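Chain by chain, the residues run as shown.
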Amino acid sequence: CLVPQPISSLSPCRTGLVLVRNPHLDLMEEDILYHLDLGTKTHNLPAMFGDIKFVCVGGSPNRMRAFAQFMRRELGLAGAGEDVADICAGSDRYAMYRAGPVLSISHGMGIPSISIMLHELIKLLHHAKCRDVTIIRIGTSGGLGIEAGSVVITDMAVDSSFRPRFEQVVLDDVVVRSTELDKDLAEELLTCSRDIPDFPTLIGHTMCTYDFYEGQGRLDGALCSFSSEKKLDYLRRAYEAGVRNIEMESTAFAALCGLCGLKAAVVCVALLDRLQGDQIRASHEVLWEYQQRPQRLIAAFIRKRLGLV
Ligand code: R2B
Ligand code: URA
């Protein structure tokens, strides 16, 4: 059965605080953020995180460490150039780094992985009493009808049927949640991209799937039951519906952040054009440079927001 989320529950929190929508939390003496190896009794979360204004999340721990190091340089912080410490070193599930007001965290691959991380991250921001936090997913994706290396700013995260919704199974119900992202933030990011002319940046819908192979219409998985024609027909219909890239976390990210009053954006580089093929053939050097593109855009955005440019 489908239980639509009431629209009123989507309104952002006026205080700028991070909303948790769980009455049980108030009754708990201690909250252990197990996968982050942090907790309300073991750590002074307001002291550690209370001044965080930007949270950037991305799939790979190494990329998110590189991003924190890059942000330290971009913000001219002390210790730039030195190694950054993993705040979640006690857990080997996720990695978390700090660069001034910026928190950089890995989320792994796929909806279950990002979802666990976001539940604990959102509670962390809530316990730390953070205000006016902007959260951005920086990631990789398969492009649709766009040049490899293009950066897509998501205006709408859609499911495999091109609908702006995320279905979460809660007990034995399927709860449908909106995947609306912050339109002003997407426009602000697009404006920032105009100052970085060496790669194309565009706004488009992002399709979020539960799998990289069959779920994204690939012909090169261990299983495939459809023809090349069927695949191309599906991808072309996605393109006509406004989809410009495909990845595996955006609907859950948009839904969870939206419900908790966080202004959220998704910025992903396309590693290939899926209308041209399925395998990612670019060299490691080219892929590394592609992955830096969303980071460069977000660094420009944060510098602008902090009045550094
Ligand atoms: C993009 O890249 C990963 C799969 O290669 C997945 O996490 C995603 O969304
Ligand atoms: N990530 C995806 O989810 N799909 C791609 O095609 C490339 C990266």
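Residues numbered from 1 in each chain as written. Chains lettered and ligands numbered in written order. Predicted model: local features only at pLDDT ≥ 70, side-chain atom pairs only at ≥ 80, totals over all residues. Heavy atoms only, no water.

Participant: Where do I start with the packing of aromatic side chains in this structure?
Facilitator: One pair of aromatic rings is described through two measures. These are the centre distance and the angle between the planes. For the structure shown, the criterion picks out three aromatic pairs. Ring geometry for Phe54 and Phe301: centres 6.1 Å apart, planes at 85°, overall edge-to-face. Within this pair, whereas Phe54 is found in strand 4 (residues 54-58), its partner Phe301 is found in helix 7 (residues 284-305), the two being separated by 247 residues in sequence. Note on accessibility: Phe54 and Phe301 belong to one class, buried. Directly above the ring of Phe212 sits Arg218, whose terminal nitrogen or CZ lies 3.7 Å from the centroid. (Phe/Tyr/Trp six-rings, centres within 6.5 Å; stacked < 30°, edge-to-face > 60°. Helix = DSSP H or I, 4+ residues; strand = E, 2+ residues; numbered from the N terminus. Buried < 20%, exposed > 50% of the residue type's maximum accessible area, 1.4 Å probe, protein only. Lys NZ or Arg CZ within 6 Å of the ring centre and 35° of its normal.)

Participant: Please explain the UniProt feature "binding site: substrate" (unreviewed entry) in the chain as it appears in this structure.
Facilitator: UniProt feature "binding site: substrate" (unreviewed entry): in the numbering of this structure it lies at Gln216 and Arg218. When you line up the elements, Gln216 lands in the loop between strand 11 (201-208) and helix 5 (228-240). According to the relative accessible area criterion, Gln216 is buried, its value standing at 3%. In contact with Gln216, not counting residues within four places along its chain, are Thr209, Asp211, Leu235, Ile246, Glu247, Met248 and Arg274. A polar contact is formed between the side chain of Gln216 and the side chain of Arg218, at a distance of 2.9 Å. Within the secondary structure, Arg218 is located in the loop between strand 11 and helix 5. Residue class for Arg218 comes out buried when judged on its relative accessible area of 1%. The contacts of Arg218, once residues within four sequence positions are left out, are Phe212, Tyr213, Cys224, Phe226, Leu272, Arg274, Asp278 and Ile280. (UniProt positions renumbered as here; feature names shortened; annotations may be inferred. Contact = heavy atoms within 4.5 Å. Polar contact = N/O pair within 3.5 Å; in protein donor to acceptor, adjacent residues only side chain to side chain.)

Participant: Looking at this structure, I do not really get the site of ligand 1. What am I missing?
Facilitator: Taken together, Met109, Arg137, Thr140, Phe212, Glu247, Met248 and Glu249 make up the full set of residues near ligand 1. Taking Arg137, its side chain carries an N or O atom lying 3.3 Å from an oxygen atom of ligand 1. Glu249 places a polar side-chain atom, nitrogen or oxygen, 2.5 Å from an oxygen atom of ligand 1. Starting from 260 Å² of accessible surface for ligand 1 in isolation, the protein chains cover 81%. Here the shell around ligand 1 is built from residues that sort into three nonpolar, one polar and three charged. (Near = heavy atom within 4 Å. Areas by Shrake-Rupley, 256 points an atom, 1.4 Å probe, with all protein chains shown as cover. Nonpolar A, V, L, I, M, F, W, Y, C, P; charged D, E, K, R; others polar.)

Participant: How should I be thinking about the UniProt feature "binding site: phosphate" (unreviewed entry) in the chain in this particular structure?
Facilitator: With numbering matched to this structure, UniProt assigns "binding site: phosphate" (unreviewed entry) to Arg93, Arg137, Ile138, Gly139 and Thr140. One can find Arg137 in strand 7 (residues 134-143). Aside from chain neighbours lying at most four places away, what touches Arg137 is Val57, Gly59, His107, Ile114, Glu247, Glu249, Phe253, Ala265, Val266, Val267 and Cys268. Within the structure, Arg137 has its side chain in polar contact with the side chain of His107 (distance 3.1 Å). If you trace the backbone, Gly139 turns up in strand 7. Look past the residues within four positions of Gly139 in its chain and what remains in contact with it is Arg63, Val267, Cys268, Val269 and Pro294.

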